[in-house]
Amino acid sequence: MTGNITFTMIKPDAVEANNIGPILSVINKAGFRILAMKYMRLTKEQAGQFYAVHKERPFYGELTEYMSSGPIVAAVLVKDNAVADYRKLIGATDPTKAEEGTIRKMFAKSIAANAVHGSDSNENAEIESNFFFSQLERF
Ligand code: UDP
Ligand code: MG
């Protein structure tokens, strides 16, 4: 079974660098359709809820601070095999290890400020999409 949705965020560093447009262009050119999208700022508490799975990791405090430091774009993307194909498109968490042509290689500043989020499983794609969007916001 291949999933057909994934969840992404364009993170504060990429928004700050005026890279919303260029990143959405890469996403569309790779064959993803936008099912839902919003421009918003997370509170530190909301960022903490979203990344709760990383609560015990050493970078959790820095991560939630960073993810609430400015606006983000949240979106649900549709494509066959969306989760795996999008992880491939964004590249490795550490941009110095990301392949040429990947979003993180092109736009990320550091391992923390790495331009975009991408779901890591179909189950998390559902959970993360539901965290941000109601059914009325999906087209
Ligand atoms: N992160 C960090 N330092 C690390 C690992 C991760 O600051 O050593 C941040 C980074 O922004 C990353 C997020 O925490 O995107 C979530 O980590 P994960 O391992 O889930 O990476 P991803 O799935 O985003 O590639
Ligand atoms: Mg992850």
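1. Some words on the nonpolar core
With 22 residues, the main nonpolar core has F7, M9, M67 and F132 as its most contacted residues. Residue contacts for F132: discarding those within four places in its chain leaves F7, M9, K38, M40, L42, F50, I72, A74 and E137.

2. Things to note about helix α7 (residues 122–132)
Burial in α7 covers these residues: A125, E128, S129 and F132. Looking down the long axis of α7, one finds its buried residues gathered within 100 degrees of arc, a one-sided arrangement. On its buried face, α7 sits against β1 (5–10), β2 (33–40), α3 (44–50), β3 (72–78), α5 (82–90) and β4 (116–118).

3. Overview of the packing of aromatic side chains
Under the counting rule described, the total for this entry stands at 8 aromatic pairs. Geometrically, the ring pair formed by F50 and F131 is edge-to-face, given 5.8 Å between the ring centres and 65 degrees between the ring planes. Taken together, the residues F50 in helix α3 and F131 in helix α7 connect sequence positions 81 residues apart. A relative accessible area of 10% means that F50 is categorised as buried. Relative to F132, the ring of F50 lies with its centre 5.8 Å away and its plane at 70 degrees, an arrangement referred to as edge-to-face. Note that F50 is positioned in helix α3 and F132 in helix α7, a separation of 82 residues in sequence.

Here is what the cut-offs are and how they apply
Residue numbers run consecutively from 1 along every chain, following the written order of its sequence. Both sets of labels track the order of writing: A upward for chains, 1 upward for ligands. Owing to the predicted nature of the model, reporting of local features is limited to residues with pLDDT of at least 70; listing and counting of side-chain atom pairs is limited to 80 or more, with chain, interface and lining totals taken over all residues. Hydrogen atoms and water are omitted, and side-chain values are computed over all heavy atoms in the structure. Each nonpolar core is a collection of buried residues, namely Ala, Val, Leu, Ile, Met, Phe, Trp, Tyr and Cys, held together in the definition by side-chain atoms within 4.5 Å. Each residue is placed in one exposure class: buried if its accessible area under a 1.4 Å probe, protein chains only, is under 20% of its type's maximum, exposed if it is over 50%, and partly exposed if it falls in between. For this analysis, residues touch if any pair of their heavy atoms sits within 4.5 Å. Secondary structure elements are taken from DSSP: a helix is a run of H or I of four residues or more, a strand is a run of E of two residues or more, and numbering for both begins at the N terminus. Arc definition: directions from the helix axis to the C-beta atoms. Paired rings are identified among Phe, Tyr and Trp, the last through its six-membered ring, by centres lying within 6.5 Å, and are further divided according to the angle between planes into stacked (under 30 degrees), edge-to-face (over 60) and tilted (the rest).

Such coordinate-based values are descriptive only and should not be taken to indicate function.
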